[in-house]
Amino acid sequence: MLQKGRRQTTILYETRIMRIIQSKSVADQVEEILRARIREGTYVPGSRIPSESELSDEFGVSRATVRTVLAKLAVNGLILRKHGDGTYVNSRIRETGANFANLWDFVTLIENNGYKPSIKALSLESRSATEKEATALALEPDEKLVAMTRLFYADDQPVILANNVIPASYLSEPVDQIDGHLTIREILRRYCRQEIAFAITDIRSVLAGKEMVALMGDQFDRPILELQLAFYSKDNLPLALGINYFNDAILRLSLVQTWS
């Protein structure tokens, strides 16, 4: 049962004692547990999950709280709510490249398309933020940041050109210690002690420039997809920006959207 009114509370769930951090709302805690059950296969794709009433009794929260959490999971495409029948884990959850934010988790995106991923680090430097970068990352003008350019491969084919910038103030180690072969999530976690909670993505079509064509191959001498990404912590702190060019001729980019 999720309890209120204490600095630290305890929940007994699936034979394990779990510590609940009171700074999180009850709804956030319930959502976290249900997401973990889906991710870990406790609720397998296509299976029916407990009803609102059953979940309400299990966690000791109101049905309104459970209903809010389930609505959020449905919007994210993790579950499907069938009127008069119940709530089910989306059976196609493992087929979509955007599952669990894989829209910007490029390694998983490449794997989900059936390829072996690898990353080639092209450049890593410290420089001053541009006006646009400073505004997006809530920095002072000309404040230092770390700029990285990497090339993601699917088997031996270059498929994503990724450009990321991170405020230098987040770094816990020197810039030259950063391993550019890691994903942006791993870089922020290892060198900045930061966790990505969500990302805002802007997708548009652009013409490939000469530099991009040289790096990615002649097939990129055409309009391609540009993914502009802004990464945030759970406290809405801007962590990094990314401008990425995506070869949609090789990779399939799938999104899940549901209507209640």
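What counts, and at which threshold
Residues numbered from 1 in each chain as written. Predicted model: local features only at pLDDT ≥ 70, side-chain atom pairs only at ≥ 80, totals over all residues. Heavy atoms only, no water. Core = buried A, V, L, I, M, F, W, Y, C linked by side-chain atoms within 4.5 Å. Buried < 20%, exposed > 50% of the residue type's maximum accessible area, 1.4 Å probe, protein only. Helix = DSSP H or I, 4+ residues; strand = E, 2+ residues; numbered from the N terminus. Contact = heavy atoms within 4.5 Å.

Peer 1: Kindly report on the nonpolar core, identifying the contributing residues and their values.
Peer 2: Formed by 30 residues in total, the largest nonpolar core has its most connected members in Phe106, Ile166, Ile184, Leu188 and Leu251. For this core, the secondary structure elements donating two or more residues are helix H4 (106-112), strand E6 (144-154), strand E7 (157-167), helix H6 (184-192), strand E9 (223-232) and strand E10 (238-246). The greatest single-element share of this core, amounting to five residues, is contributed by H6. Formed by 18 residues, the second largest nonpolar core is a distinct cluster that contains Val30, Tyr43, Phe59 and Leu78.

Peer 1: Residues and numbers for the side chain of Asn164, please.
Peer 2: By the secondary structure assignment, Asn164 is in strand E7. Not counting the four nearest positions on each side in its chain, Asn164 is found in contact with Val146, Ala147, Met148, Arg150, Ile184, Phe231, Leu241 and Gly242.

Peer 1: Which residues make up the environment of Ala168, and what values do they have?
Peer 2: As for its placement among the helices and strands, Ala168 is situated in the loop between E7 and H6. Measuring from C-alpha to C-alpha, the distance between Ala168 and Leu145 comes to 4.3 Å, with 23 residues separating the pair along the chain. If we ignore the near neighbours within four places in the chain, the residues touching Ala168 are Lys144, Leu145 and Val146.

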